[in-house]
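Residue-level structure breakdown
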Amino acid sequence: MAKTPLAEAGFYFDELNKLRVLEPDVSQKTLELKEECKEFVDKIGQFQEKVGGLIELVDELAKEAETEKMKAIGARNLLKSVAKQREAQQQQLQALIAEKKMQLERPVNQGRKSASLQLMELICRGSCLWSEVSMTRAQLQ
């Protein structure tokens, strides 16, 4: 196809017979590229929204995990504390038992309680202390 004198000078007519500086096929490719760029920018925007939502979700999960971790650490420390208290109570009970045994080995005075009554008191105290420890342990679990 022969070029017209206007085409040789770099001027072209489009389908509406308007004078253009670009060749019609270059102009068409430019429009297509513009549309593709717009679609690409739209897709990138959608991608950023989805990624932003995902990041928020992961942040929330991380906060929840950290909260649960702190709860677990607190429960573990409380359990250790209860175990130490139980050991201390056990030592107190053993000392009390030893003291009562020594008192029972002494002659029973008339003004004092009988040895069997004192032993019953000791057993009741120990039972109460152990039930308190068991209840505390159950509450922790």
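See the structure printed just above.
This report concerns the structure included in the present document. (Residues numbered from 1 in each chain as written. Predicted model: local features only at pLDDT ≥ 70, side-chain atom pairs only at ≥ 80, totals over all residues. Heavy atoms only, no water.)

Right, let's get into a nonpolar patch on the surface. Side chains of Leu54, Leu57, Val58 and Leu61 sit close together on the surface and give an oily, nonpolar patch of about 370 Å² of accessible area. You can see Leu61 is positioned in helix H2 (residues 24-105). A residue is classified by how much of its surface remains accessible, and Leu61, at 48% relative accessible area, is partly exposed. (Patch = residues over 30% accessible without salt bridge, like charges linked within 9 Å, V, L, I, M, F, W, Y side chains within 5 Å. Areas by Shrake-Rupley, 256 points an atom, 1.4 Å probe, with all protein chains shown as cover. Salt bridge = Lys/Arg side-chain N within 4 Å of Asp/Glu carboxyl O. Helix = DSSP H or I, 4+ residues; strand = E, 2+ residues; numbered from the N terminus. Buried < 20%, exposed > 50% of the residue type's maximum accessible area, 1.4 Å probe, protein only.)

Moving on: the pattern of salt bridges. All told, the structure shown has two salt bridges when counted by the stated rule. Glu68 serves as the salt-bridge partner of Lys71, at 3.6 Å between the closest nitrogen and oxygen. Taken together, the positions of Lys71 and Glu68, both in helix H2 and three residues apart, correspond to about one turn of that helix. Residue Lys71 is classed as exposed on the basis of its relative accessible area of 54%.

A few words on a negative patch on the surface. A cluster of acidic residues, Glu32, Glu35, Glu36 and Glu39, forms a negative patch at the surface. Structurally, Glu32 can be placed in helix H2. Glu32 gets classed as partly exposed once you look at its relative accessible area, which sits at 42%. (Lys, Arg positive; Asp, Glu negative; His and termini not counted. Charge placed at Lys NZ, Arg CZ, Asp CG, Glu CD.)

Note that every value here comes from positions in space, so none of it alone points to a role or purpose.
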